[in-house]
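Commentary on secondary and tertiary structure
Each chain, written out:
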Amino acid sequence: MTKPDISQSPQATAQDEARRRRSGRWKMLAVLAVCAAPLIASYLTYYVIKPQSRNNYGALIDPRQYPIPDLGSSAIDGGPARLQDYKGKWVMLQVDGGDCGEPCQNKLLTMRQLRLMQGKEMDRIERVWLVTDRVPIATLLLREFDGTDILRVDAGKLQSWLPVDAGTSARDHIYLIDPLGNLMMRFPKDPDPGKMKKDISKLLRASSIG
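The shown structure was predicted, so the numbers you read here are calculated from the model rather than taken from an experiment.

Topic: the state of the cysteines
- Scanning all chains against the criterion turns up one disulfide.
- Covalent S-S linkage joins C100 and C104, the inter-sulfur distance amounting to 2.0 Å. Across the S-S bond of C100 and C104 the torsion is about -90°, and the bridge reads as left-handed.
- On the basis of relative accessibility, which here comes to 1%, the residue C104 falls in the buried class.

Section: empty space enclosed by the protein
- For the structure on display, the rule yields one cavity of 30 Å³ or more.
- Computed from the structure, the largest cavity encloses a volume of approximately 40 Å³.
- Around the largest cavity, the lining residues are I68, L83, Y86, K87, K89, V91, I177, D178 and G181.
- The class makeup of the residues in the lining of the largest cavity is five nonpolar, one polar and three charged.

Focus: the packing of helix α2 (residues 102–117) against helix α5 (residues 193–206)
- As a packed pair, α2 and α5 sit with axes 10 Å apart at the nearest point and diverge in direction by 50°. The angle between α2 and α5 places the two elements in the oblique class. The chirality of how α2 crosses α5 is right-handed. In this structure, α2 contributes T110, L114 and M117 to the contact, and α5 contributes P193, M196, K197 and I200.
- Among the residues forming the contact of α2 with α5, the class breakdown is five nonpolar, one polar and one charged.

What counts and what doesn't
Residues numbered from 1 in each chain as written. Predicted model: local features only at pLDDT ≥ 70, side-chain atom pairs only at ≥ 80, totals over all residues. Heavy atoms only, no water. Disulfide = S-S within 2.5 Å. Buried < 20%, exposed > 50% of the residue type's maximum accessible area, 1.4 Å probe, protein only. 1 Å grid on protein atoms, 1.4 Å probe; cavity = no way out; pocket = protein on both sides within 12 Å on 5 of 7 lines; lining within 4 Å. Points joined across faces, edges and corners; volume = space filled by probe spheres on them. Nonpolar A, V, L, I, M, F, W, Y, C, P; charged D, E, K, R; others polar. Axes fitted to C-alpha atoms, helices over the stretch in contact; angles between N-to-C directions. Helix = DSSP H or I, 4+ residues; strand = E, 2+ residues; numbered from the N terminus. Parallel < 35°, antiparallel > 145°, perpendicular 65-115°, else oblique. Left-handed = near helix turned anticlockwise from the far one by under 90°. Contact = heavy atoms within 4.5 Å.

Pasting the structure below:
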């Protein structure tokens, strides 16, 4: 008895390979959607589907308008360092010169205290200081705010990125970046730490990412 020919034609083989590739792409998209879903859901719940009485203190930023650019950044020792490297963490961000006068130090203190206020959730938050010049940073300042990551950046590139309130500059604000690398909130000049804590705590509770 003649055995049936079970070999496939080249056309059938190509079709099977195309189906496998499509299936692989859909599986990859499904995995990405599952990973992003908790953060997207938290935004929808907190900022869209919310009671009228609930108000956020910080100003919301549309991340599509302010994607993180190449800031020409480096660590203070000259090594490579980028804001994009902090994906997976919530980032409190401040901008100032290396001389860091009283307003700058107040922001550093506020970020440190806000992180500590989050208790067991504080490890989900990073603090980053973007330095806009080449002024050496005092050793005492580095010791006092140990744990704050410092990146030197191109001041011109930075100025064209960060949105500000009318009559202010980026140095007047503390910003928040989400774990997906989106610039999403700006706090006002001379902010109320208690109100900032409420915003950050709500975001941490609503999101399982970061």
